[in-house]
2 protein chains.
Amino acid sequence: MPETTLNMIARAQPADASDSRPRETIAILGGTGDLGTGLAWRWSRAGYPVVIGSRTLAKAETALAGLRARHPGTTAGAATNADAARAADIAVLTVPAAHQIATLASVQTNLAGKIVIDVTVPLVPPKVGTVQLPAEGSAGKRAQEFLGDGVMVVSAFQNVAAHLLQQEVGIECDVLVAGNKKAARDKVIELVQAAGMTGWHAGPIDNAAAAEALTSVLIQINRRHPISHAGIKLVGQG
Amino acid sequence: MPETTLNMIARAQPADASDSRPRETIAILGGTGDLGTGLAWRWSRAGYPVVIGSRTLAKAETALAGLRARHPGTTAGAATNADAARAADIAVLTVPAAHQIATLASVQTNLAGKIVIDVTVPLVPPKVGTVQLPAEGSAGKRAQEFLGDGVMVVSAFQNVAAHLLQQEVGIECDVLVAGNKKAARDKVIELVQAAGMTGWHAGPIDNAAAAEALTSVLIQINRRHPISHAGIKLVGQG
């Protein structure tokens, strides 16, 4: 499929495709892995300006080069986490749980008033199939407590297989979107849709615990059932 | 549909329908509500001997009479929780979270060596839409710690709308089954199937946190999206 067609499909995905206002700039902090670059690619082709951040500019540039090798024509920038956060309207945190707070601390002054999408999954190796939520209740809650009420933390994307984000495939996994402000959740649900998935209002940031815990459950299901890349879909009935 | 036909359908549901060994006796402790009597009805028609337990015999008998009024021909017994637990091969706990440990304590001597299916959802009114897991990590884990390793606690059914269990309908919600012993989870997955749903190996009892937290998320989704009785289905992809 030609890239222009992909872009047209992607651009048609946001809820109000006739909206011609400039889209928000998205910084993906610690965005050098499959998850970060996968989201970068999907949002870029949906028309969002995207910046991949890392601790050093060189690492961010290397990740961007790799992404462009996989998906030629992807438009995105590369920067240090601090510069990326400064440029961003919306920041996305995709680092291992052990680096979550240190990374936030390093860019905190650039996040005031912004939405921070926390994608941290608090797995504790080696028992990644056992739920071991942090003392704060969840990594999302921990981020909100650390950043304070001046930053709108929204938890999302914990249950999506990272390497599927990199592929030209539909993703059979819904996204639970937890955060204290409805308007911030609405914005993130828009970004979930732009990335090709369905997002759901999961309630306050306390409820990040559900999606974070579910990741270990999905790991168990992949191990013990004849199913790959287990995910969840929300269903309803009369 | 005639009751005999229903029974034939239900009896065909367990994994090995040709298995003619006697089925396990199931006691539903605190089983007088929609959840308890709904499970009682579904397992009874699948051919399992079922006893509805309550703190007093009179309450259990009243619940059973109500169930029979809704579903004539249901075969089940009524007993005090202690007598029900004594008679049971498998005990199911369907009480409000605040009564979980007191109820277990009242029947503990009758549970040694048995499977206890914990259906407790640790909602904390009035904020039932906010995840507030207990200090032990989950109600399931709390039950396992209280009863000790001589009892096999398996967590299940937290995400199923209780009144749907009472109705002649398929239920669009999968069941996450968490517990430390695989053989016990296998048995509970068989009972999930006998009740008309699909169960999944969710890992050790620590992972009860996922399904317990998810209940508050489903409450939020019911509030904020045009969907009723939100549930989850597990999906996979290449």
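Further up the page is the structure itself.
Residues numbered from 1 in each chain as written. Chains lettered and ligands numbered in written order. Predicted model: local features only at pLDDT ≥ 70, side-chain atom pairs only at ≥ 80, totals over all residues. Heavy atoms only, no water.

Caption draft 1: Geometry of the overall build of chain A. A tally of helices and strands in chain A yields nine helices and nine strands. Relative to its length of 238 residues, chain A is compact, with a C-alpha radius of gyration of 17 Å against a globular reference of 18 Å. Summarising its shape, the C-alpha atoms of chain A cover approximately 40 × 40 × 35 Å along the three principal directions. Looking at the 238 residues of chain A, the share that counts as buried comes to 56%. Sequence separation of 24 or more characterises 73% of the internal contacts of chain A that already satisfy a separation of 6 or more. For chain A, the accessible area works out to roughly 9,300 Å², and carbon and sulfur atoms hold 55% of it. Between the averaged position of the 21 positive side-chain charges in chain A and that of its 19 negative side-chain charges there is a distance of 4 Å. (Helix = DSSP H or I, 4+ residues; strand = E, 2+ residues; numbered from the N terminus. Rg over C-alpha atoms; globule rule 2.2 N^0.38 Å. Buried < 20%, exposed > 50% of the residue type's maximum accessible area, 1.4 Å probe, protein only. Contact = heavy atoms within 4.5 Å. Areas by Shrake-Rupley, 256 points an atom, 1.4 Å probe, with all protein chains shown as cover. Lys, Arg positive; Asp, Glu negative; His and termini not counted. Charge placed at Lys NZ, Arg CZ, Asp CG, Glu CD.)

Caption draft 2: Spatial organisation of the environment of A:Thr75. Residues and elements named next belong to chain A. Relative to the helices and strands, Thr-75 resides in the loop between helix 3 (57–70) and strand 3 (77–80). A relative accessible area of 54% places Thr-75 in the exposed class. With sequence-adjacent residues up to four places away left out, Thr-75 is seen in contact with Ser-44 and Arg-68.

Caption draft 3: Just the sheet that holds strand 6 (residues 152–155) of chain B, in detail. Residue and element names in this part refer to chain B. Taken in spatial order, the eight strands of this open sheet run 3-2-1-4-5-6-7-8, and their pairing is mixed. Taken across any chain shown, the strands that pair with only one partner, and hence form the sheet edges, are strand 3 (77–80) and strand 8 (199–203). Averaged over all pairs of adjacent strands, the angle between strand axes in this sheet comes to 25°, irrespective of strand direction. Looking at chain direction, strand 6 and strand 7 (residues 175–179) are connected through two bridges and run antiparallel. If you follow Val-154 over to strand 7, its bridge partner there is Gly-179. (Pairing = 2+ DSSP bridges. Axes fitted to C-alpha atoms, helices over the stretch in contact; angles between N-to-C directions.)

Caption draft 4: Inspection of the relation of the copies chain B and chain A at higher detail. Its rotation angle being 180°, the transformation that places chain B on chain A also includes 0.0 Å of axial translation and leaves an RMSD of 0.0 Å. What the rotation and shift describe, once combined, is the action of a two-fold rotation axis. Of all interface residues in chain B, 100% are interface residues in chain A too; the two copies therefore contact each other through one and the same surface. (Least-squares fit on C-alpha atoms with pLDDT ≥ 70 in both.)

Caption draft 5: Structural context of helix 3 (residues 57–70) of chain B. End to end, helix 3 of chain B covers 20 Å across 14 residues, agreeing with the expected 20 Å (1.5 Å per residue, within 8%). Each element contacted by the buried residues of helix 3 of chain B is listed here: helix 2 (34–45), strand 2 (50–54) and strand 3 of chain B. (Expected span 1.5 Å × (residues − 1).)

Caption draft 6: Molecular detail of the packing of helix 5 (residues 100–107) of chain B against helix 6 (residues 139–147) of chain B. Residues and elements named next belong to chain B. Interhelical geometry of helix 5 versus helix 6 gives an angle of 30° and a closest axis separation of 11 Å. Viewed along their axes, helix 5 and helix 6 adopt a mutual orientation that is roughly parallel. Here the hand of the crossing between helix 5 and helix 6 comes out right-handed. Side by side, helix 5 and helix 6 meet where Gln-100, Ile-101, Leu-104 and Ala-105 of the first sit next to Ala-139, Arg-142, Ala-143, Phe-146 and Leu-147 of the second. (Parallel < 35°, antiparallel > 145°, perpendicular 65-115°, else oblique. Left-handed = near helix turned anticlockwise from the far one by under 90°.)

Caption draft 7: Representation of the side chain of B:Arg142 within the structure. Residue and element names in this part refer to chain B. With respect to the helices, strands and loops of the structure, Arg-142 is situated in helix 6. Notably, Arg-142 is buried but unbridged: the nearest opposite-charge side chain belongs to Glu-136, and the N-O separation is 4.4 Å. Filtering out sequence-adjacent residues up to four positions away, Arg-142 remains in contact with Ala-97, Gln-100, Ile-101, Pro-134 and Glu-136. (Salt bridge = Lys/Arg side-chain N within 4 Å of Asp/Glu carboxyl O.)

Caption draft 8: Quick peek at the interface of chain B and chain A. On the chain A side, the residues contacting the 42 residues of chain B number 42 residues. Summed over both sides, the interface between chain B and chain A buries roughly 3,400 Å², with carbon and sulfur atoms accounting for 66% of that surface. Sorting the residues of chain B by area buried against chain A places B:His201, B:Val235 and B:Gln237 first, and these three jointly supply 19% of that buried surface. Across the contact surface, chain B and chain A share zero salt bridges. The tally of links from chain B across to chain A stands at 15 residue pairs in polar contact (both at pLDDT 80 or more). Sorting the residues of the side of chain B that touches chain A by element identifies helix 8 (182–194), strand 8, helix 9 (208–224) and strand 9 (231–235) of chain B as the ones contributing at least two each. In terms of residue count, the dominant contributor to the side of chain B that touches chain A is helix 9 of chain B (10 residues). (Buried area = accessible area lost by both parts, 1.4 Å probe. Polar contact = N/O pair within 3.5 Å; in protein donor to acceptor, adjacent residues only side chain to side chain.)

Caption draft 9: Seen up close, the sheet that holds strand 2 (residues 50–54) of chain A. All names here are of chain A. One open sheet accounts for eight strands, arranged 3-2-1-4-5-6-7-8; its pairing is mixed. What marks the edges here is a single partner per strand, and that holds for strand 3 and strand 8 (199–203). Direction aside, neighbouring strands of the sheet carry axes that sit 25° apart on average. Note that strand 2 and strand 3 share four bridges and pair parallel. For Ser-54, the partnering residue across the bridge sits in strand 3 and is Thr-80.

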